[in-house]
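One letter stands for each residue in the lines below.
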Amino acid sequence: MKHLKLFIPVAAFLAASVFFYMGLFSDPTDVKNANLQRPMPEFSLPDLMQPEKTYHREDLLGEVTLINVWGTWCVTCRVELPYMTKLRQQGIKIVGVYYDNAAEAEFSGINLQQTQADVKQMLANLGNPFVFNIYDKDRDLSLDLGVTGAPESFLIDPEGQIIAHRRGAIDERVWQRDFAPLVAQYQGK
Amino acid sequence: MKYLILIMLSLVSLTLTAAEQNYPFDDVQKEQDFNQLLQELRCPKCQNQNIADSNALVAIDLKNKTYQLVQEGKSKKEVVDFMVQRYGNFVHYDPPINSLTIWLWLVPILFIVLLAGWIILNSRKPNIAAHSISEQDKQKAAALLAEIEAERKNK
C-alpha cells in the first residue's frame, strides 16, 4: 500500500506529459467544418459569367462533385488551379463558388464586369477546372457552408450530402489522402 | 507622460465607437443585443478574437449577418444558434456543457474535493500523536522544570 502511494506522483506526471505532448502537435486552427455529413444548403444564385442564369441546389446533384470556394484576389486559389484543372481532365466534376473579397465589397464595392474579366484572364493563364461558376453575391452560401476564407472545398455525393471538406489548397497529396478514396467509391458504383 | 497616456487612451476609445457607428439602430434593445453578440461570437479565422475585434474577411461577413438577423427581430439565442449551426460550437465563446466540456467543470471540483479529503485525513493523525505525551516525558519535563526553579532560587 505504501509503495502504491509512491506511484501516484509518477502516474500524474506521465499523464500530464502525454497531455502536453499531444498539445505540442495539435493544430488549434484545425476545427472541423460543422457542415460535414450534412446536406448541401439550399441556394438560388446567378452564374458568374451569365448573371441571367440561376443555379439551385438541384443543379449540383446526380454525380459526386467538388465544390470549390475561390476568388481571383486569393493567392492560394491561384496555386491550386493547375492541379484542379488536371483533376477535371481525369473526369472529376468541379463547380466553382465565386467568393468576393469581403473587405473590398464593404469599402469600395464590387464591379462585376471587372471580376468577370479577371476570372477570364486567370482561368486562361492557369487552367479552368470549373464546369461553371456560381456567383455567391452576398456570400450567403459561403456563410451557410461555414467557410472561413478562400480557398475551401467540399465534396458532395450524388444526393447532395457533404462528405469531405478541405480548408486551404488542394494538391496531389491532399487529394489522394482525403478525396480520391471517396470519389472512387461513388464512381465505381 | 500623464498627458501622453490620456491622449493614447482617448484614441483607443475613439476607434471603438467608430466601429460601432457602421451599424445604425433605431431600437436600443437591438443595439445592445448586437453589441453583446459581437463580443460573444468568436472569429472562426483568427481564433482568439471576437468578431468585434477581428479584421478578418469572414468577421466582416459575420458582423453583417448578425446585424441583418438582429434587425429582422431575431433574439440573441436565435442568432447564436444560427452561427453555431454553420460554424460549430467554436464560434461561440460560451459553449454548451456536453460530455466533453463537462470535464472542464468536474476536474477542478474533483481536485479540490480530493485535496480537502487528503488534508483532513492527514491532519488528524499527527494531532492525536502530538497531544498524547507519554508519562515518562511528563516526569522528565517536571524534573527539568524543578531543576531550573532550584537554580533560580540559588542565585
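That block above? That's the structure.
Quick notes on the rules
- Residues numbered from 1 in each chain as written.
- Chains lettered and ligands numbered in written order.
- Predicted model: local features only at pLDDT ≥ 70, side-chain atom pairs only at ≥ 80, totals over all residues.
- Heavy atoms only, no water.
- Helix = DSSP H or I, 4+ residues; strand = E, 2+ residues; numbered from the N terminus.
- Expected span 1.5 Å × (residues − 1).
- Buried < 20%, exposed > 50% of the residue type's maximum accessible area, 1.4 Å probe, protein only.
- Contact = heavy atoms within 4.5 Å.
- Salt bridge = Lys/Arg side-chain N within 4 Å of Asp/Glu carboxyl O.
- Buried area = accessible area lost by both parts, 1.4 Å probe.
- Polar contact = N/O pair within 3.5 Å; in protein donor to acceptor, adjacent residues only side chain to side chain.
- Nonpolar A, V, L, I, M, F, W, Y, C, P; charged D, E, K, R; others polar.
- Pairing = 2+ DSSP bridges.
- Axes fitted to C-alpha atoms, helices over the stretch in contact; angles between N-to-C directions.
- 1 Å grid on protein atoms, 1.4 Å probe; cavity = no way out; pocket = protein on both sides within 12 Å on 5 of 7 lines; lining within 4 Å.
- Points joined across faces, edges and corners; volume = space filled by probe spheres on them.
- Phe/Tyr/Trp six-rings, centres within 6.5 Å; stacked < 30°, edge-to-face > 60°.
- Lys NZ or Arg CZ within 6 Å of the ring centre and 35° of its normal.

Caption draft 1: Broad picture of helix H3 (residues 57–71) of chain B. Here H3(B) contains 15 residues, and its C-alpha end-to-end distance of 21 Å stays within 8% of the 21 Å for a straight helix at 1.5 Å per residue. Here H3(B) lies mainly inside the structure; eleven of its 15 residues are buried. What H3(B) keeps buried is the set Val58(B), Ala59(B), Ile60(B), Asp61(B), Leu62(B), Lys63(B), Lys65(B), Thr66(B), Tyr67(B), Leu69(B) and Val70(B). On the buried face of H3(B), the contacting elements are helix H3 (102–107) and helix H5 (140–144) of chain A together with helix H2 (28–40) and helix H4 (76–87) of chain B.

Caption draft 2: Examining the pattern of salt bridges more closely. Within the structure shown, the criterion is met by ten salt bridges over all chains. Measuring nitrogen to oxygen at the nearest pair gives 2.9 Å for the salt bridge that ties Asp140(A) to Lys65(B). Here Asp140(A) is found in helix H5, whereas its partner Lys65(B) is found in helix H3 on a different chain. Residue Asp140(A) is classed as partly exposed on the basis of its relative accessible area, which comes to 33%. Across the pair Glu149(B) and Arg152(B) runs a salt bridge whose closest N-O atoms are separated by 3.6 Å. Here Glu149(B) and its partner Arg152(B) are both found in helix H6 (residues 135–154), three residues apart, which amounts to about one turn of the helix.

Caption draft 3: Geometry of the interface of chain B and chain A. Each side of the interface is counted separately: chain B has 18 residues, and chain A has 21 residues. Here chain B meets chain A over a buried area of about 1600 Å², counting both sides, of which 54% is carbon and sulfur. Together, Leu57(B), Asp61(B) and Arg86(B) form the three largest contributors to the area buried by chain B at its contact with chain A, with a combined 34%. Linking chain B with chain A are three salt bridges. The closest approach of N and O atoms between Asp61(B) and Arg139(A), which form a salt bridge, is 2.8 Å. Viewed at the interface, chain A and chain B are joined by six residue pairs in polar contact (both at pLDDT 80 or more). Split into classes, the residues belonging to the side of chain B that touches chain A amount to ten nonpolar, four polar and four charged.

Caption draft 4: View of the environment of Thr76(A). Residue and element names in this part refer to chain A. With respect to the helices and strands, Thr76 occurs in helix H2 (residues 75–89). Judged by its relative accessible area of 34%, Thr76 falls in the partly exposed class. On a C-alpha basis, the gap between Thr76 and Pro151 in space is 6.7 Å, while along the polypeptide they are 75 residues apart. Not counting chain neighbours up to four residues away, the residues in contact with Thr76 comprise Pro151 and Ala169.

Caption draft 5: Molecular detail of the sheet that holds strand S7 (residues 162–167) of chain A. Residues and elements named next belong to chain A. Strands sit in the order S5-S4-S3-S6-S7 across an open sheet of five strands; the sheet is mixed. Unpaired on one side and paired on the other, strand S5 (133–135) and S7 mark the two borders of the sheet. Between one strand axis and the next, the sheet turns by 20° as a mean value, whatever way the strands run. Pairing of strand S6 (residues 152–156) with S7, which is carried by five bridges, proceeds in the antiparallel orientation. Paired with Ser153 across the strands is Arg166, a residue of S7. Packing against the sheet, H2 makes contact with strand S3 (65–70) and strand S4 (93–98), and its axis sits at approximately 160° to S3.

Caption draft 6: Summary view of unusual backbone geometry. Residues and elements named next belong to chain A. A cis amide bond links Ala150 to the next residue, Pro151, at an omega of -5°. For Pro151, the location among the structural elements is in the loop between H5 and S6. In this structure, Gln37 is a non-glycine residue whose phi angle is positive, near 65°. The topology assignment puts Gln37 in the loop between helix H1 (2–25) and strand S1 (44–46). By relative accessible area, Gln37 is classed as exposed at 51%.

Caption draft 7: Just empty space enclosed by the protein, in detail. According to the stated counting rule, one finds one cavity of 30 Å³ or more in the structure shown. The wall of the largest cavity is formed by Tyr99(A), Arg139(A), Ser142(A), Leu143(A), Val147(A), Val58(B), Asp61(B) and Tyr87(B). Of all the elements in the fold, those that place two or more residues in the lining of the largest cavity are H5 of chain A together with H3 of chain B. In terms of residue class, the lining of the largest cavity is made up of five nonpolar, one polar and two charged.

Caption draft 8: The arrangement of the packing of aromatic side chains in detail. If you walk through the whole model with that rule in mind, you get 13 aromatic pairs over all chains. Between Trp70(A) and Phe130(A), the ring centres sit 5.0 Å apart and the planes meet at 20°, which makes this aromatic pair stacked. You can see Trp70(A) sitting in strand S3 and its partner Phe130(A) sitting in the loop between helix H4 (112–126) and S5, a full 60 residues away along the chain. A relative accessible area of 3% means that Phe130(A) is categorised as buried. Taking 5.1 Å as the distance between ring centres and 45° as the angle between the ring planes, the aromatic pair formed by Phe25(B) and Phe34(B) counts as tilted. The same class applies to Phe25(B) and to Phe34(B), which are both buried. By way of ring pairs, the aromatic residues Trp70(A), Tyr98(A), Phe130(A) and Tyr135(A) are connected into one cluster. Here the basic side chain of Arg42(B) rests over the ring of Phe90(B), its NZ or CZ set 3.9 Å away from the ring centre.

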